[in-house]
Amino acid sequence: AYELYKEYGTVLKGMIAKGYLEDTDQAKGDYLEAVHDIPIHDYLSTDLKLRQLLCSMDPTIPKYVFTAGIKSHAERCLTALGIQDLFVGIIDVKACGYESKNSRAAFETAMRVSSVEDPRRCVFFDDCVKNLKTANEMGWRGILVGRKNRYTGEVIVCEDAENDISCIHDIPLVFPELFIQHTMDE
């Protein structure tokens, strides 16, 4: 699977190119549902700290999930974390026409879906250097989340990120202006 990802940008595109999967919405949808059918609660649980953090953000800032996965999987993850009600929407691989998340087309779709015209208004938190590179090229403000490679443990360097944080709970360290307390202190 990783070889298909490296060669074609996504495993899905590789499977279609190699003839392992039909290039129909039904076949792609069935495949994505199957690969995302994992026991979420074995990996994620309610994160009250994250919920508190998101609730303390300026409520006038719309928050979206931009995922390389499918909406139903993102919904299950958000529900497991206890934050499903804090996002305006989910921009998934289907909404992006099955483009890889690091493609310009996917970022353009995300802007269109979220009704954002000025890319500098987009703040993007991600753990993938390729995604952050595209975000930077598009004019988004990108923050690397996680300073170590999840597979190798090696330190990640991302020149395209505006900043980096160890975990998502550290957002206030790099963007205090996104939070209500910051506004009240001025």
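Here's what I pulled together on the structure shown here.

1. What to know about the overall build of the chain
Phase 1: Helix and strand counts for the chain come out as nine helices and five strands.
Phase 2: The order of helices and strands in the chain, counted from the N terminus, is α-α-α-α-β-α-β-α-β-α-β-β-α-α.
Phase 3: For the chain, the C-alpha radius of gyration of 17 Å lies close to 16 Å, the compact-globule estimate for 186 residues.
Phase 4: The principal-axis extent of the C-alpha atoms belonging to the chain is close to 60 × 35 × 35 Å.
Phase 5: Counting every position in the chain, which comprises 186 residues, the buried fraction comes to 41%.
Phase 6: Put simply, 50% of the contacts in the chain that link residues at least 6 apart link residues at least 24 apart.

2. Section: the sheet that holds strand β4 (residues 141-145)
Phase 1: If you walk across this open sheet you meet the three strands as β3-β4-β5, and the pairing is parallel. Two strands in the sheet have a free side with no partner beyond their single neighbour: β3 (123-126) and β5 (163-165). For this sheet the average axis-to-axis angle between neighbouring strands, irrespective of direction, equals 25°.
Phase 2: In terms of strand pairing, β4 meets β5 through three bridges, oriented parallel. From the neighbouring strand, Ile-143 faces β5, where its bridge partner is Asn-163.
Phase 3: Set on the sheet, helix α7 (residues 129-138) makes contact with β3 and β4; between it and β3 the angle comes to about 170°.

3. Considering the packing of aromatic side chains
Each aromatic ring pair is characterised by the separation of its centres together with the angle its planes make.
Phase 1: Taken as a whole and assessed by the stated rule, the structure comprises eight aromatic pairs.
Phase 2: When the centroid spacing of 5.9 Å and the interplanar angle of 25° are considered together, the rings of Tyr-2 and Tyr-5 count as stacked. In this pair, Tyr-2 and Tyr-5 both sit in helix α1 (residues 2-8), three residues apart, roughly one turn of the helix.
Phase 3: Assessed through its relative accessible area of 56%, Tyr-2 is described here as exposed.
Phase 4: Since its relative accessible area comes to 28%, Tyr-5 is described here as partly exposed.
Phase 5: Ring centres of Phe-124 and Trp-140 lie 5.6 Å apart, and the angle between their planes is 80°; on these two criteria the pair is classed as edge-to-face.

Parameters and conventions
- Residues numbered from 1 in each chain as written.
- Predicted model: local features only at pLDDT ≥ 70, side-chain atom pairs only at ≥ 80, totals over all residues.
- Heavy atoms only, no water.
- Helix = DSSP H or I, 4+ residues; strand = E, 2+ residues; numbered from the N terminus.
- Rg over C-alpha atoms; globule rule 2.2 N^0.38 Å.
- Buried < 20%, exposed > 50% of the residue type's maximum accessible area, 1.4 Å probe, protein only.
- Contact = heavy atoms within 4.5 Å.
- Pairing = 2+ DSSP bridges.
- Axes fitted to C-alpha atoms, helices over the stretch in contact; angles between N-to-C directions.
- Phe/Tyr/Trp six-rings, centres within 6.5 Å; stacked < 30°, edge-to-face > 60°.

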